[in-house]
Amino acid sequence: MHPQRWGDPARATALPDSARGLVELAFGLEERPAVTDPVVPPSALDPALLAGLRDLLGEEHVLVDDEVRRVRTRGKSTPDLLRARAGDLADAPDAVVRPGGHDDVVAVLAHAVEHHLAVVPFGGGTCVTGGLAGPASTRDGYAGVLSLDLVRMKRLLAVDPVSMTATLEPGLRGPEAEALLAGHGLTLGHFPQSFEHASIGGFAATRSSGQSSAGYGRFDAMVVGLTAATPSGELTLGSSPANAAGPDLRQLLLGSEGAFGVITSVTVRVRRLPEVVRYDGWRWPSFADGATAMRTLAQAGLMPTVLRLSDETETAVNLADPDRIGTDAAGCLMIVGHEGTAEQVRTRHAAVATVLAGLGGTDLGEGPGRAWVRGRFDAPYLRDSLLDVGVLVETLETATFWSNLERVHRDVTRALADALPGALVLCHVSHVYETGASLYFTVAAKADADPLAQWQAAKVAASDAMLDAGATITHHHAVGTDHKPWLAREIGPVGVQALRAVKASLDPTGVLNPGVLVP
Ligand SMILES: Cc1cc2nc3c(=O)[nH]c(=O)nc-3n(C[C@H](O)[C@H](O)[C@H](O)COP(=O)(O)OP(=O)(O)OC[C@H]3O[C@@H](n4cnc5c(N)ncnc54)[C@H](O)[C@@H]3O)c2cc1C
């Protein structure tokens, strides 16, 4: 992916005419072209160290050319895109190394420790929290920065159809993993919005959550075992479906964002490919009514596969065909999806529909569900088109218990609206549990002369509001560098001390993803 934009260049589009009119009305249009071909600083890696790496991996798997380093620079948050659009690629890695398997990773880590090279594991590069930032351009005392690109590690290592598990290498992108599993009639069921580009290792390292999490669970809930290479040695974890053998060390690696080790394989629970999928839309008079309905389903054990609820503003914007605003765009749209055998889908659909109708929801049929499925991976392309015309767009997310959901929704919306006067603040419930839910906010505002600083102020305000209201700093985007101050607040000084102790134990010289995760 190009550092200035999302995804497949062939799918990039100008702002559609329908949206253009609305954007012009809300913010005005101001073309803001990105700097073309931003310059990548030259690789500062000592030729002897480069030669050492090439001895380990082969010439063709240690790359220093500008284009390869350019596309391994940072992730895909709006600040990442804005910096790249302004021509700033100052923290491009010095080299991109591509191990072919676990032993290659071990060898690279040993070389990195010996020569004090920073190593940034790179899966799909879709991180939105600064987790691929690497040390500062001064290199912070490191001899250089390596992007450890897991792109060659793409095998399906094992399938156990009796236990319903599969072991995957970390470099498989979402669609590649699904295609391999489909060959066995299986699916992982993990479909985050970044699915088309993000990797298995990245899902594990960030504790990602997909759009079908209500039915299939979060990625960390799918992982039954993993292997990781650390500078202190190998960790192989998960010899049983569940155990009481002390604290669960798998959880130390899940969400460790490359700071504790490189995940070299993941064993996941898999499901049979669904025979039938059915997604419906439901309308609710208010966000509170829809949230109550979600809670009722979750607590009744009637969880669909997909369950999402847009607030009033998001519903109006998503239906924003200018002719429809103020008419059937009123209220809040819920998407309810079921996947499974024909019989499972039929009975679950009927049971869920009965509950929703009884709570006052209006059944909109399959039309909105189909529309959601069609567009579920498109929003990131729209973000690029909006940035092109001077609209600042970014997302953030959190989670809290049901009893606190309304407060968090209100306080974070208000913090963003106060920090960005005139902004549109949209929200949806994106993941649902028996005890609570995740809220996902999208913000659009007219970009000022310094959109990076403009967003930073809003991000601080929203993050403070989340913690002040008792919610978490992140439900699924992870910590990276951006969330570290709030993580420290969330887990407290003893929590920070424990994370630092793990880091010191597994990565004593601090070569793994320096500056990420550990406050
Ligand atoms: C448009 C967009 C939509 C998104 N939607 C969602 C969503 O719906 N749900 C969600 O959960 N997230 C979402 N994200 C965030 C992001 O896609 C996830 O965090 C994803 O899990 C990252 O995977 P990746 O392979 O791209 O990892 P990368 O971005 O390559 O890496 C992420 C972090 O993990 C580390 N890492 C990567 N691979 C390994 C490994 N094998 N071992 C150790 N460390 C490793 C990296 O060093 C980095 O710190 C979205 C991001 C974007 C840009």
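Rules used throughout
- Residues numbered from 1 in each chain as written.
- Predicted model: local features only at pLDDT ≥ 70, side-chain atom pairs only at ≥ 80, totals over all residues.
- Heavy atoms only, no water.
- Pairing = 2+ DSSP bridges.
- Helix = DSSP H or I, 4+ residues; strand = E, 2+ residues; numbered from the N terminus.
- Contact = heavy atoms within 4.5 Å.
- Axes fitted to C-alpha atoms, helices over the stretch in contact; angles between N-to-C directions.
- Polar contact = N/O pair within 3.5 Å; in protein donor to acceptor, adjacent residues only side chain to side chain.
- Phe/Tyr/Trp six-rings, centres within 6.5 Å; stacked < 30°, edge-to-face > 60°.
- Buried < 20%, exposed > 50% of the residue type's maximum accessible area, 1.4 Å probe, protein only.

> Looking at this model, I keep getting lost on the sheet that holds strand 4 (residues 145-149). Mind explaining?
Note: strands within a sheet are paired through backbone hydrogen bonds, in either parallel or antiparallel orientation. Spatially, 4 strands are ordered 1-2-4-3 in an open sheet, and the strand pairing comes out mixed. At either margin of the open sheet sits one strand with a lone partner, and together these are strand 1 (62-63) and strand 3 (118-122). Relative to strand 4, strand 2 (residues 95-97) is paired through 3 bridges, and the arrangement is parallel. Looking across to strand 4, one finds that V96 is bridged to S147. Set on the sheet, helix 5 (residues 102-115) makes contact with strand 2, strand 3 and strand 4; between it and strand 4 the angle comes to about 175°.

> Honestly, the environment of R383 in this entry has me stumped. Any pointers?
As for its position among the elements, R383 is in helix 15 (residues 379-388). Sequence separation of R383 and T474 is 91 residues, and the distance between their C-alpha atoms is 21 Å. If we ignore the near neighbours within four places in the chain, the residues touching R383 are K76, S77, T78, L81, V393 and E394. At a separation of 3.1 Å, a polar atom in the side chain of R383 contacts the side chain of T78.

> Explain the packing of aromatic side chains here, please?
Geometry of an aromatic ring pair is reported as the spacing of the ring centres plus the angle between the planes. Per the stated rule, a full pass over the model turns up 4 aromatic pairs. When the centroid spacing of 5.6 Å and the interplanar angle of 25° are considered together, the rings of F195 and F377 count as stacked. Highlighted residues: F195 in the loop between strand 7 (186-187) and helix 7 (200-206) and F377 in the loop between helix 14 (366-375) and helix 15, separated in sequence by 182 residues. The residues F195 and F377 share a single accessibility class, namely buried. An angle of 50° between the planes, with centres 5.5 Å apart, marks the rings of F203 and F219 as tilted. Of this pair, F203 sits in helix 7 while F219 sits in helix 9 (residues 219-222); the two residues are 16 residues apart in sequence, bridging distant segments of the chain. Like F203, the residue F219 is buried in the burial classification. By the ring-pair criterion, three or more aromatic residues cluster together here, those being F191, F195 and F377.

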